[in-house]
Every structure is written in C-alpha cells, then in structure tokens.
Amino acid sequence: EDQVTQSPEALRLQEGESSSLNCSYTVSGLRGLFWYRQDPGKGPEFLFTLYSAGEEKEKERLKATLTKKESFLHITAPKPEDSATYLCAVQGGIVKETSGSRLTFGEGTQLTVNP
Amino acid sequence: DTEVTQTPKHLVMGMTNKKSLKCEQHMGHRAMYWYKQKAKKPPELMFVYSYEKLSINESVPSRFSPECPNSSLLNLHLHALQPEDSALYLCASSPNSALNSPLHFGNGTRLTVT
C-alpha cells in the first residue's frame with residue numbers, strides 16, 4: 001500500500017525567511033510525485049510533477065526536488081500570498097491506460113507567512 | 001478561476017432530500033474524478049470515470065451515485081445522506097493517459113447535510 005507522510009504539519013515563517021517542506025513516500029514503483037497548493041475553501045492547485053530521483057522543477061519562489069524516498073518543496077524568500085496548505089501525492093504501481101489515475105495524498109503542510 | 005467548473009458552490013440539504021452535484025471541463029480530458037475532503041484532511045478518492053466508464057469505485061455507500069453523461073460532464077447524485085457526509089466535494093480531470101497525469105481540480109461544492 002502506498003504511503004505519504006508530510007512534515008511539518010504546520011509551519012510559520014516570516015516574510016523572506018526561506019524553508020523547506022518534506023514529503024516522504026513509500027510506493028511500489030513510482031509513476032509520479034505531485035505537489036499541490038490548496039487555499040481555504042478552494043480545490044487543490046497543481047504545482048509540479050516529478051518522475052525520477054534527481055529531478056528538480058521550479059516555479060517562481062518554489063523549487064521541488066525528488067530522491068528515491070522523499071521530495072522537498074523549497075520556498076525561497078516567501079511572501080504572505082504563499083500562505084496555503086501544500087499537498088504531496090504519489091501515483092505508483094501498474095497503471096492501465098483506461099483506469100484513471102489513483103493518487104495517494106499526504107496530510108499536507110499548512111504554511112503561514114507573516115508580513 | 002479553474003478550468004474545471006463545479007456547481008453549486010454551496011449546498012445545504014436535509015437527510016431526506018435528493019440533490020445533484022455537477023462538474024464540467026472543456027480541456028478534452030478523458031478521465032474524471034470525484035473526491036471528498038473533510039476539514040484539515042487530504043482529498044479521498046470516491047470514483048473515477050475513464051472514457052465515460054466507471055473504472056474505480058472506492059467502496060462508496062450507495063447513497064452516492066455517480067454519472068458521466070459525456071466526456072465533459074460528471075454528476076454526483078445524492079440521496080438520503082447523513083450529517084457525516086458533510087464535506088467539500090471536489091471534481092477533477094486528467095488527460096486521457098493514466099500515466100503520470102496530474103489532476104486538475106475544481107473549487108468544489110461545500111455540502112452541509114442537516
């Protein structure tokens with residue numbers, strides 16, 4: 001059974017204070033690891049997909065990295081508008097073209113950036 | 001704004017009511033999903049439609065009935081719900097390939113069962 005553990009559960013930063021969120025996973029044959037951002041009362045917003053260890057992707061102040069056991073979401077010089085819950089999800093195993101994508105989500109990290 | 005549109009945004013219903021949630025996407029995606037999300041918890045998969053056929057049902061109670069009339073539309077019919085069914089119901093879609101496909105979510109329907 002696929003498992004995803006995110007840490008910390010909650011993180012408070014001052015504006016400009018860089019940090020990292022962690023996503024540890026156990027999966028049988030990783031097909032993809034996904035990062036989402038979710039604002040209160042909204043649906044998750046897709047950020048990144050990582051496919052293999054060593055891969056990195058960047059978008060504005062966010063950078064996602066992947067190893068064989070975990071992924072990090074690095075936030076550089078965050079701003080208050082970066083405050084949100086960040087969700088990590090994995091897709092693993094044998095997936096059929098017609099089966100749709102079954103993702104396993106972590107519990108998320110609630111990030112608050114104070115001005 | 002997202003490219004997956006859900007209506008209504010809010011719904012309050014009694015335990016004896018029948019209601020439907022609607023979802024629409026025009027990205028040409030061939031897989032569509034229903035998720036349930038309780039407060040401060042991650043989304044939980046309920047159903048997956050792939051090429052308009054139900055491919056995954058995560059042992060959801062029969063008071064939830066999904067329907068996929070065509071490749072752009074997804075409905076969730078609700079009947080005889082319980083207060084514990086109150087949650088944010090999210091619709092999502094992904095491209096026709098199941099492999100490595102990110103899901104694109106709508107903003108959900110906030111359901112309250114009284």
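Residues numbered from 1 in each chain as written. Chains lettered and ligands numbered in written order. Predicted model: local features only at pLDDT ≥ 70, side-chain atom pairs only at ≥ 80, totals over all residues. Heavy atoms only, no water.

Digging into the interface of chain A and chain B
So, step 1. Counting from both sides, the interface comprises 27 residues of chain A and, opposite them, 29 residues of chain B.
So, step 2. Buried area between chain A and chain B, both sides added, is near 2200 Å², and the carbon and sulfur share of it is 52%.
So, step 3. Our count for the chain A to chain B interface comes out at one salt bridge.
So, step 4. The partner of Glu-107 of chain A in a salt bridge is Lys-41 of chain B, and the shortest N-O contact between them spans 3.5 Å. (Contact = heavy atoms within 4.5 Å. Buried area = accessible area lost by both parts, 1.4 Å probe. Salt bridge = Lys/Arg side-chain N within 4 Å of Asp/Glu carboxyl O.)

A word on the packing of aromatic side chains
So, step 1. With the rule as written, the count across this model stands at eight aromatic pairs over all chains.
So, step 2. Ring geometry for Tyr-36 of chain A versus Phe-105 of chain B: centroids 5.6 Å apart, planes at 85 degrees, classification edge-to-face. Residue Tyr-36 of chain A is found in strand 4 (residues 30-38), and its partner Phe-105 of chain B is found in strand 10 (residues 104-105); the two belong to separate chains.
So, step 3. On the basis of relative accessible area, Tyr-36 of chain A is assigned to the buried category, the value being 0%.
So, step 4. With a relative accessible area of 4%, Phe-105 of chain B lands in the buried category.
So, step 5. Cluster of aromatic residues (ring-pair linked, three or more members): Tyr-36, Phe-46 and Phe-105 of chain A together with Tyr-33, Tyr-35 and Phe-105 of chain B. (Phe/Tyr/Trp six-rings, centres within 6.5 Å; stacked < 30°, edge-to-face > 60°. Helix = DSSP H or I, 4+ residues; strand = E, 2+ residues; numbered from the N terminus. Buried < 20%, exposed > 50% of the residue type's maximum accessible area, 1.4 Å probe, protein only.)

Observations regarding the state of the cysteines
So, step 1. Under the defined criterion, the tally for this structure stands at two disulfides over all chains.
So, step 2. A disulfide bridge connects Cys-23 of chain A with Cys-88 of chain A, and the sulfur atoms are separated by 2.0 Å. Between Cys-23 of chain A and Cys-88 of chain A the disulfide shows an S-S torsion of about -65 degrees. By sign, it is left-handed. Within this pair, whereas Cys-23 of chain A is found in strand 3 (residues 19-26), its partner Cys-88 of chain A is found in strand 9 (residues 84-92), the two being separated by 65 residues in sequence.
So, step 3. Overall, the relative accessible area of 0% leaves Cys-23 of chain A in the buried class.
So, step 4. Residue class for Cys-88 of chain A comes out buried when judged on its relative accessible area of 0%.
So, step 5. The residue that forms a disulfide with Cys-23 of chain B is Cys-91 of chain B, at a sulfur-sulfur distance of 1.9 Å. Its torsion about the S-S bond being -70 degrees, the disulfide of Cys-23 of chain B and Cys-91 of chain B is classed as left-handed. Of this pair, Cys-23 of chain B sits in strand 3 (residues 18-25) while Cys-91 of chain B is found in strand 9 (residues 87-94), placing the two residues 68 residues apart along the sequence. Take Cys-23 of chain B and Cys-91 of chain B: they sit in the same class, and that class is buried. (Disulfide = S-S within 2.5 Å.)

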